[in-house]
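Residue strings, one per chain:
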Amino acid sequence: MRPAFLVVTIAIAALAGCSGVEQDIAHLQQEQDAISAATKKIKVVARANVKGNPQYTMLGRVEGYCFNLPNSTGGQVIHGDGLRAAAYRKYGDQVDAIVNTTVWFVSDDDYGAFEPYTEGGYFECGGTAVHFTNQPTPAASPTSSRAS
């Protein structure tokens, strides 16, 4: 009788554990979906000004993994957070853009690589996360001329 009770107890505990894992997976998926939606809105520029948004407050420095361009969106970064995701995780919904971006190559070896594409390694990028303090400047609308 005891072995059967023990087996049933273990089975119930295992099923309860699976339910918890499924909830964790669902929570992580919702979190990732929220990050993906938020990061699509973040602009990334190499210069100090963002077209249409001349005034902003600097939030701080942010770094992430990237391809050879800080504003690249294609592909999958396998090392960790991309630049946009790193900014969102650090500053949340405050981030509207990342300005003054730079990119550098990190060698997997103990010595520095002479040519980034000939050595093992990956790219990292960084910039300054900013929050816009004004409404975006509307695009110039064509002026209407009166017919004479």
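Structure: see above.
The rules behind the values
Residues numbered from 1 in each chain as written. Predicted model: local features only at pLDDT ≥ 70, side-chain atom pairs only at ≥ 80, totals over all residues. Heavy atoms only, no water. Helix = DSSP H or I, 4+ residues; strand = E, 2+ residues; numbered from the N terminus. Buried < 20%, exposed > 50% of the residue type's maximum accessible area, 1.4 Å probe, protein only. Contact = heavy atoms within 4.5 Å. Areas by Shrake-Rupley, 256 points an atom, 1.4 Å probe, with all protein chains shown as cover. Pairing = 2+ DSSP bridges. Axes fitted to C-alpha atoms, helices over the stretch in contact; angles between N-to-C directions. Polar contact = N/O pair within 3.5 Å; in protein donor to acceptor, adjacent residues only side chain to side chain. Core = buried A, V, L, I, M, F, W, Y, C linked by side-chain atoms within 4.5 Å. Salt bridge = Lys/Arg side-chain N within 4 Å of Asp/Glu carboxyl O.

> Give me the overall build of the chain: which residues, what numbers.
Broken down by element type, the chain carries two helices and four strands. Across the chain, helices and strands are ordered from the amino to the carboxyl terminus as α-β-β-α-β-β. Within the span of the chain, comprising 148 residues, buried residues form 25% of the whole. Relative to all contacts within the chain whose residues are 6 or more apart in sequence, the contacts with residues 24 or more apart total 68%. As presented, the chain carries roughly 10600 Å² of accessible surface, and 57% of it is formed by carbon and sulfur atoms.

> Summarise helix α2 (residues 83–91); cite the residues concerned and give the values.
Within α2, seven of the nine residues are buried, leaving the element largely enclosed by the surrounding structure. A positive phi of about 70° marks Gly-92, the residue just after α2.

> Tell me about unusual backbone geometry, residues and numbers included.
One non-glycine residue, Asn-100, adopts positive backbone phi at about 55°. The exposure class of Asn-100 is partly exposed, given its relative accessible area of 36%.

> Lay out the sheet that holds strand β3 (residues 97–107) with the relevant residues and their values.
Spatially, β1-β3-β4-β2 is the arrangement adopted by the four strands of the open sheet, whose pairing is mixed. Only two strands of the sheet have a single neighbouring strand rather than two, namely β1 (43–44) and β2 (56–66). In terms of strand pairing, β3 meets strand β4 (residues 121–132) through nine bridges, oriented antiparallel. In the sheet register, Trp-104 faces β4, and the bridge partner there is Glu-124. Sitting on the sheet, α2 touches β1, β2, β3 and β4, and the angle it makes with β2 is about 130°.

> How would you summarise the side chain of Thr-39 if you had to cite specific residues and measurements?
By the secondary structure assignment, Thr-39 is in helix α1 (residues 2–39). Exposure remark for Thr-39: the relative accessible area of 12% places this residue in the buried category. Separated by 3.2 Å, the side chain of Thr-39 and the backbone oxygen of Ser-36 make a polar contact.

> For the nonpolar core, give the residues involved together with the corresponding values.
Val-62, Leu-83, Val-95 and Ile-98 are the most contacted members of the largest nonpolar core, which totals 17 residues. Residue assignment for this core shows that the elements contributing at least two residues are α1, β2, α2 and β4. Counting residues per element, this core draws most heavily on α2, which supplies six residues. Once you skip the residues sitting within four places of it in the chain, Ile-98 turns out to touch Ile-42, Lys-43, Val-44, Val-45, Val-62, Leu-83, Arg-84, Ala-87, Gly-127, Thr-128 and Ala-129.

> Can you lay out the pairing of β4 for me, pointing to particular residues and giving the numbers?
Judged by how many residues are buried, β4 sits mostly within the fold: 10 of 12 residues are covered. As paired elements, β2 and β4 share 10 bridges and run antiparallel to each other. Its bridge partner lying in β4, Thr-57 is registered against His-131.

> If you had to explain the pattern of salt bridges to someone new, which residues and values would you point to?
What the rule picks out here adds up to three salt bridges. Salt-bridge contacts for Arg-89 lead to Glu-31; the nearest nitrogen and oxygen are separated by 4.0 Å. You can see Arg-89 sitting in helix α2 and its partner Glu-31 sitting in helix α1, a full 58 residues away along the chain. Residue class for Arg-89 comes out partly exposed when judged on its relative accessible area of 44%. For Asp-81, the salt bridge is made with Arg-89, and the minimal N-O distance between the two is 2.6 Å. Sharing partners across several salt bridges, the network here consists of Glu-31, Asp-81 and Arg-89.

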